[in-house]
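Survey of secondary and tertiary structure
Letter by letter, the chains look like this.
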Amino acid sequence: MLRDRRALRDRDTHSTSLAAQAAEPPSSGALRARVVSQLRSGASVRVATSDGLVIEGRFARSDSESLVLDTAGVADARRIRLADINTLWTRGRRVGAGFGIGAVIGALVGGGGVAAFGSAISSNTHEQCNCGSAVAAVAVGGALIGGAVGAAIGSIEGWRQRWP
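The present account deals with the structure reproduced in this document.

Thresholds applied
- Residues numbered from 1 in each chain as written.
- Predicted model: local features only at pLDDT ≥ 70, side-chain atom pairs only at ≥ 80, totals over all residues.
- Heavy atoms only, no water.
- Helix = DSSP H or I, 4+ residues; strand = E, 2+ residues; numbered from the N terminus.
- Buried < 20%, exposed > 50% of the residue type's maximum accessible area, 1.4 Å probe, protein only.
- Contact = heavy atoms within 4.5 Å.
- 1 Å grid on protein atoms, 1.4 Å probe; cavity = no way out; pocket = protein on both sides within 12 Å on 5 of 7 lines; lining within 4 Å.
- Points joined across faces, edges and corners; volume = space filled by probe spheres on them.
- Nonpolar A, V, L, I, M, F, W, Y, C, P; charged D, E, K, R; others polar.

Details of the overall build of the protein chain
Each helix and strand counted, the protein chain has four helices and six strands in total. Along the protein chain, helices (α) and strands (β) appear in the sequence α-α-β-β-β-β-β-α-α-β when read from the amino end. Counting over 164 residues, the protein chain shows a buried share of 27%. For the protein chain, the share of sequence-separated contacts (at least 6 apart) that also reach a separation of at least 24 residues comes to 58%.

Written out as structure tokens, the structure is:
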């Protein structure tokens, strides 16, 4: 009986501590450090600091307390404390996202357009339209064309906010 009470008490204490850990938000310093640790060497980075400065450069390295950027026109690399970073951007392309969005839009517009056109023809002629295969074919074609256009648009380089 005494052993059962201890087991229940230990279980309750353990579950309470896990719930408390889950409820605590992770520190912004740890999240900021994680974002910085995921940067690739040579990546174009833009940092806005708590002083109101905006610094652009190539990511050189980082440690637990700072980020080092090679900046154009400055002989030495620029060291920025992680705690001073308000906003962090990286320059990159979003080809995959552009393809996906373009494919969905192309499929909906192409397939929907053919479906609407087939519906209009069948209502005017009072005949049944078996145009399901045409709708599917145009939807696939629209997805491919829309995906290609979306990938082309997504391949345009731009700044993406990484922190916060």
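Next, the rest of the story.
Concerning the layout of surface pockets
By volume, the largest pocket is sized at about 310 Å³. Forming the walls of the largest pocket are 16 residues, and the residues nearest its centre are Arg40, Ala43, Thr90, Arg91 and Arg162. Every element with two or more residues in the lining of the largest pocket is listed here: strand S5 (85-92) and strand S6 (158-163). Broken down by element, the lining of the largest pocket gets its largest block of residues, three residues, from S5. For the lining of the largest pocket, a count of residues per class yields three nonpolar, six polar and seven charged.

Interpretation note: all reported values are geometric properties and have no functional meaning in isolation.
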